[in-house]
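One-letter residues, chain by chain:
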Amino acid sequence: MSLTPQSVLLDREEIRGKVAEMARSIEGRHHHPDPLLVVTVLRGAVIFASDLMRELRLPLSVEFVAVESYGTSTRSSGIVNITRDVTEDLDGRHVLLVEDIVDTGLTLRYLQSHLLGKKPASLEVAVLLDKISHRQVDVTVDYTGFVIPDVFVVGYGLDYSGLYRNLPDLMILGEDVS
Ligand code: PRP
């Protein structure tokens, strides 16, 4: 039996509404004249980040950071390998780190510490999905979309073996019984 998307957890309209709500919250807290630097974590966050950025009525620029998918050993150690770092100077910038999902919190904790080392004026975090029941380490999230149950989700940027990122709804992966 193979694993395929089985049912919708969050449909595109629910997601669209939440992303707009998050954008309004972010705008409400950014009154400085400098452009926001949106740092998107590859690859899963690209869909969320592109929708969020198009909702934001703020001057902003775009950056990317890529982290290596970790195996079991790195998951437990919390060491995350950055395979593509930001290229812009973060010193004095207002940075918004954008993630699709926080699970154990290990990736986010590592990235926050890594980016803070670059001396931004501020660093905030926006996460669409929070699987809070899996948390292993405390992390600060400034803007959260949805707290979701302990299910494997795909779509809206999230993958299973590289597939399903392009599904417009967030779906629960399960055994295909057909
Ligand atoms: C996902 C997600 C986060 C990380 C969260 O990335 O995008 O980066 O896992 O998990 P954690 O809280 O347990 O650290 P994934 O490794 O699936 O890579 P991808 O973004 O390329 O799909």
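Report follows, based on the coordinates. Quick caveat: nothing in here was measured; it's all calculated off a predicted structure.

What counts as what
Here, residues in each chain are numbered from 1, in the same order as that chain's written sequence. This being a predicted model, a pLDDT of at least 70 is required before a residue's local features are given, and a value of 80 or more before pairs of side-chain atoms are given or counted; all residues contribute to the totals for chains, interfaces and linings. Hydrogens and water molecules were not included; the side-chain quantities draw on all heavy atoms of the structure. Centres within 6.5 Å are what make two rings of Phe, Tyr or Trp a pair, Trp counting through its six-membered ring; a difference in plane orientation under 30 degrees is then read as stacked, over 60 as edge-to-face, and the rest as tilted. Each residue's exposure class comes from its accessible area (1.4 Å probe, protein chains only) as a fraction of the maximum for that residue type: buried when under 20%, exposed when over 50%, partly exposed otherwise. Only when the NZ of Lys or the CZ of Arg is both within 6 Å of the ring centre and within 35 degrees of the ring normal is a charge said to sit over the ring. Distance thresholds for patches are 9 Å for like charges and 5 Å for nonpolar side chains (Val, Leu, Ile, Met, Phe, Trp, Tyr), applied to residues having over 30% relative accessible area and no salt bridge. What sets the accessible areas is the Shrake-Rupley method with a 1.4 Å probe; for residues, cover comes only from the shown protein chains. Here, a salt bridge means any side-chain nitrogen of Lys or Arg that lies within 4 Å of a carboxyl oxygen of Asp or Glu. Each helix corresponds to a stretch of at least 4 residues labelled H or I by DSSP, and each strand to a stretch of at least 2 residues labelled E; elements are numbered beginning at the N terminus. A pair of strands is treated as paired once DSSP finds two or more bridges between them. For helices, the fitted line uses only the C-alpha atoms of the stretch in contact; every axis is such a line through C-alpha atoms, and the angle between N-to-C directions lies from 0 to 180 degrees. When describing relative orientation, an angle under 35 degrees is termed roughly parallel and one over 145 degrees roughly antiparallel, while 65 to 115 degrees is termed roughly perpendicular and anything else oblique. Left-handed describes a crossing whose near helix is turned anticlockwise from the far helix by less than a right angle; the clockwise case is right-handed. Only heavy atoms enter the contact rule, under which two residues are in contact if any of them lie within 4.5 Å. Residues are grouped as follows: Ala, Val, Leu, Ile, Met, Phe, Trp, Tyr, Cys and Pro are nonpolar; Asp, Glu, Lys and Arg are charged; all remaining types, including Gly, are polar.

### Details of the packing of aromatic side chains
One pass over the structure, following the stated rule, counts 1 aromatic pair. With a centroid separation of 5.8 Å and 85° between ring planes, the pair formed by Phe 152 and Tyr 160 is classed as edge-to-face. The class of Phe 152 is partly exposed, set by a relative accessible area of 42%. Above the ring of Phe 146, the side-chain terminus of Lys 18 is found at 5.2 Å from the ring centroid.

### A few points about a nonpolar patch on the surface
Taken together, the side chains of Val 46, Val 62 and Phe 64 make up a nonpolar region of the molecular surface, amounting to roughly 190 Å² of accessible area. Looking at the element boundaries, Val 62 is found in strand S3 (residues 60-67).

### A short note on the sheet that holds strand S8 (residues 153-154)
The strand order S1-S9-S8 describes an open sheet built from 3 strands, whose pairing is antiparallel. Edge positions in the sheet fall to strand S1 (3-10) and S8, since each of these pairs with one other strand and no more. When S1 meets strand S9 (residues 170-175), the two strands line up antiparallel, connected through 6 bridges. Within S9, the residue paired with Leu 3 across the bridge is Glu 175.

### A few points about the packing of helix H1 (residues 12-28) against helix H2 (residues 46-55)
Contact pair H1 / H2: the axes reach a minimum separation of 9 Å and the direction vectors enclose 55°. By the criterion of interaxial angle, the relationship of H1 to H2 is oblique. For the crossing formed where H1 meets H2, the hand is right-handed. Contact residues: Val 19, Ala 20, Met 22, Ala 23, Arg 24, Ile 26 and Glu 27 in H1; Phe 48, Asp 51, Leu 52 and Glu 55 in H2. Class assignment for the residues of the contact of H1 with H2 results in 7 nonpolar, no polar and 4 charged.

### Examining the environment of Gln 136
Mapping Gln 136 onto the fold places it in the loop between strand S6 (122-130) and strand S7 (143-147). For Gln 136, a relative accessible area of 52% puts it in the exposed group. Spatially, the C-alpha atom of Gln 136 lies 29 Å from that of Pro 168, the residues being 32 residues apart in sequence.

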